[in-house]
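# Commentary on secondary and tertiary structure
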Amino acid sequence: MRFIRTIFIITSLVTLVSSCNQSEFDVVLQELDNTIAIRDSYIDSLDKAISADRKALYNALQVEDMYMYAEKLFLKFKSENADSAIYYSNLSYTLAERMGNDTLMLKSMLNRILIPVEEDITHCRARYEALNENQIYTDYGQDVLISYLYCGAELYKFIINNISPDNAYINERYDYYRRRYCEENPGSLDAVRFKSALMNNQGRYMESLELLREYIENHVLDNYGYSIMYNRMASTYHAAGDPMNARIMYARSSIYNLKRPAKQYHSLSLLALLLIEDKEYDRALKYINIASSDAIMSGYNFRISETSSYLITISSLVKENEKIRRTYLYMLVGLLFVFLITSILGMFLLSRYSTRLKKSHDTISETNMQLADLNRIKDNCMLKYMVNCPNYIKAIDENNSTLRKALKSGGIDAIKNELHKPRYSSKEFKHFYNEFDNNFLKMFPTFIEEINKIMPESHQFPSCSDGSLTMDLRILAVIRIGIKSSGTIANFLNYAPSTVYTSRTKIKKASLLDGDEFDSYIEKIGI
């Protein structure tokens, strides 16, 4: 009897703890969903900060100030976009080189190595291994040595996770740099993170969790700090065989990742995988779609590959679940059909609804085909308009020339009087310009505003209230519709080739973009 009572008490306690954890998990998931709902506001704040730093960098007069803003932009883009982070780390290195500051040059190079991609990992590793730890400490001091050790730990972690997971030498170097970092910078967030991982490798999960909790309780962290610490706790719980607490910590880490806001992370992906085990299919699919989209925008190929594989796995499981649900539904319908007479009416209504839906689908498909056909016709007509109209105008001009020749060879006075009138082609070209301008602005109503976005204030084009374009804008408009050769543009608009070339060169030089970017920008306006 006492034994049964003991079993009952233990079972009750386990159930109580489980229900408390489940309640906490529901609260955290609700907070995560709320954060996702207002995520755009965090992204807008980051975009504004990036724009302000870019503007400050552009306006900076001193190389030291330019370096400072380039470094700030690198840190902002480090978890946002790989290409931009690489660009600003390279820019920082160039500016440090201009200052002749070896310390800043080394820091910029280490920053570049911190953004490894599969294509250049060998080069990054070679550059890193060419450095000497003792020489760095002697020449640059402890601060740079700490950056060097952190860079080594992150570099070899990347190689293990994405290229050579079973390479003994790589694993040994990874452990070495983590331990050395903890020795040189013991009280830092990353040192605690490294210590926790080393403890996990030894199976000391409770000590690892206690270390992480103590650090969180005794320090005020930013969004990055909380995201890292909770992600580390989630990994520890998962390794210790506690999936519920792992879910809670992954959710918390995801909240702070979205608040940063970061694009390069994996806590939300791992949370989605764990939710699948709870059969939370809709929520898991929602989270993995967000993580996959962010990974693509970040430009980190290894993260894109990781989230894509998770997306495929989760999507297949969701589809399998939907298939099972449909099977159960069909079985239910079959049973109702056998045992309930009213199911006949239900099936009849369902059939009518399906027919109506199919008709709607067919109507939409037909409408889409008509729209596609109209677009094709519009494009063809526009092309014919552009090709034939100049030819027509030139034909009129050539006809006048023929009449003049006839006059010289003995034409009548009436023809002579007619030929002395203003040239007919000039009037037609003016009409052609007006028609072209009006039709173009109807297709691309924001064309002038889009052009002004890449022009400095002193070179911006005024809006055309009368629906006409200036010569420069007309040349850009012709480029937008696909005519790129200066000679062809000159022939099309009846301008001198030198006029077209001079205009294009002048606008490119005045714009905020270089030549290739300028042409690409013009061609994409309105897309």
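Thresholds applied
Residues numbered from 1 in each chain as written. Predicted model: local features only at pLDDT ≥ 70, side-chain atom pairs only at ≥ 80, totals over all residues. Heavy atoms only, no water. Helix = DSSP H or I, 4+ residues; strand = E, 2+ residues; numbered from the N terminus. Buried < 20%, exposed > 50% of the residue type's maximum accessible area, 1.4 Å probe, protein only. pLDDT = per-residue confidence, 0-100. Contact = heavy atoms within 4.5 Å. Axes fitted to C-alpha atoms, helices over the stretch in contact; angles between N-to-C directions. Parallel < 35°, antiparallel > 145°, perpendicular 65-115°, else oblique. Left-handed = near helix turned anticlockwise from the far one by under 90°. Nonpolar A, V, L, I, M, F, W, Y, C, P; charged D, E, K, R; others polar. Salt bridge = Lys/Arg side-chain N within 4 Å of Asp/Glu carboxyl O. Phe/Tyr/Trp six-rings, centres within 6.5 Å; stacked < 30°, edge-to-face > 60°. Lys NZ or Arg CZ within 6 Å of the ring centre and 35° of its normal. Core = buried A, V, L, I, M, F, W, Y, C linked by side-chain atoms within 4.5 Å. Lys, Arg positive; Asp, Glu negative; His and termini not counted.

## Some remarks on the overall build of the chain
- Helices and strands together make up the secondary structure of the chain, namely 24 helices and 0 strands.
- Burial status across the chain gives 39% buried among its 527 residues.

## Things to note about the confidence of the model for the chain
- Averaged over the chain, the pLDDT score is 83; the fraction of residues at 70 or greater is 84%.
- Per-element mean pLDDT across the chain ranges from 60 in helix α18 (residues 413-419) up to 94 in helix α11 (residues 205-218).
- With pLDDT under 50 throughout, residues 3-19 is counted as low confidence; its partners more than four residues away or in other chains account for 0 contacts.

## A word on the packing of helix α15 (residues 281-298) against helix α16 (residues 301-339)
- For the pair α15 and α16, the least separation of the axes is 9 Å and the interaxial angle reads 155 degrees. The pairing of α15 with α16 is recorded here as roughly antiparallel in orientation. Crossing angle aside, the handedness with which α15 passes α16 is left-handed. Here Y281, A284, L285, I288, N289, A291, S292, A295 and I296 of α15 come into contact with α16, specifically with R303, I304, T307, Y310, L311, I314, S315, L317, V318 and N321.
- Among the residues forming the contact of α15 with α16, the class breakdown is 13 nonpolar, 5 polar and 1 charged.

## What about the pattern of salt bridges?
- Considering all chains together, one arrives at 25 salt bridges under this definition.
- As a salt-bridge pair, R125 and E129 come within 2.9 Å of each other at their nearest N and O atoms. Residue R125 and its partner E129 are located together in helix α6 (residues 121-129), separated by 4 residues, close to a single helical turn.
- Judged by its relative accessible area of 37%, E129 falls in the partly exposed class.
- A salt bridge links R193 to D190; the shortest N-O distance between them is 2.9 Å. Placement of the pair is R193 and D190 together in helix α10 (residues 189-201), with a separation of 3 residues, close to one helical turn.

## Re the packing of aromatic side chains
- Tallying each qualifying case throughout the model produces 17 aromatic pairs.
- An angle of 85 degrees between the planes, with centres 6.0 Å apart, marks the rings of Y148 and Y177 as edge-to-face. Pair noted here: Y148 is in helix α8 (residues 142-162) and Y177 is in helix α9 (residues 168-184), with a separation of 29 residues, a long-range link.
- Both rings, one in F436 and one in F440, keep their centres 5.9 Å apart while their planes meet at 20 degrees; by these two values the pair is stacked. In this pair, F436 and F440 are both assigned in helix α19 (residues 424-443), 4 residues apart and thus about one turn of the helix distant. Accessibility assignment for this pair places F436 and F440 in one class, buried.
- Linked through ring pairs, Y128, Y148, Y156, Y176 and Y177 together constitute an aromatic cluster.
- Its guanidinium or amino end placed over the ring of Y174, R178 lies 3.8 Å from that ring's centre, counting from NZ or CZ.

## Regarding the side chain of D53
- Take D53: it is sitting in helix α2 (residues 39-59).
- When near neighbours in sequence (up to four residues on either side) are disregarded, D53 contacts Y69, K72, L73 and K76.

## A closer look at the nonpolar core
- In terms of nonpolar packing, the biggest core is built from 51 residues, with I113, I115, Y128, Y148, Y156, Y177 and Y181 touching the most fellow members.
- Mapped onto this core, the elements with two or more residues apiece are α2, α3 (63-77), α4 (82-99), α5 (102-113), α6, α8, α9 and α10.
- In terms of residue count, α8 provides more of this core than any other element does, 13 residues in total.
- Counting residues in hydrophobic clusters, the runner-up holds 46 residues, among them V28, M244, A262 and I290.

## Topic: the environment of L95
- Along the chain, L95 falls in helix α4.
- Using a relative accessible area of 1% as the deciding quantity, one classes L95 as buried.
- Note: C-alpha distance between L95 and D65 (30 residues apart in sequence) is 9.7 Å.
- Those residues within four positions of L95 in sequence are excluded, and the remaining contacts are V63, M66, Y67 and A70.

## Focus on helix α21 (residues 471-480)
- For α21, a buried count of 9 out of 10 residues is recorded, marking the element as mostly surrounded by other parts of the structure.
- Taken together, the buried positions of α21 are occupied by D472, L473, R474, I475, L476, A477, V478, I479 and R480.

## Let's talk about the side chain of R504
- Its place among the elements puts R504 in helix α23 (residues 497-510).
- D519 provides the closest opposite charge to the buried, salt-bridge-free R504, at an N-O distance of 4.4 Å.
- In this structure, R504 is in contact with I475, I479, K484, S485, S486, I489 and D519, ignoring residues within four places of it in sequence.

## Some thoughts on the environment of M443
- Considering the arrangement of structural elements, one finds M443 in helix α19.
- M443 gets classed as partly exposed once you look at its relative accessible area, which sits at 32%.
- Measuring from C-alpha to C-alpha, the distance between M443 and G526 comes to 8.4 Å, with 83 residues separating the pair along the chain.

## Side note on the packing of helix α12 (residues 223-239) against helix α13 (residues 243-259)
- The N-to-C vectors of α12 and α13 enclose an angle of 160 degrees; their axes lie 8 Å apart at closest approach. Judged on the interaxial angle alone, α13 and α12 are roughly antiparallel. As α12 runs across α13, the sense of the crossing is left-handed. In this structure, α12 uses N223, Y226, S227, Y230, N231, M233, A234, S235, Y237 and H238 to contact α13, whose residues at the interface are N245, A246, M249, Y250, R252, S253, Y256, N257 and K259.
- A class-by-class count of the residues in the contact of α12 with α13 yields 9 nonpolar, 8 polar and 2 charged.

## Focus: unusual backbone geometry
- With an omega of -15 degrees, the peptide bond running from R260 to P261 counts as cis.
- Summarising the element assignment, P261 is placed in the loop between α13 and α14 (267-277).
- A positive phi angle, close to 65 degrees, is found at N494, a residue other than glycine.
- Examined against the element boundaries, N494 turns out to sit in the loop between α22 (486-493) and α23.

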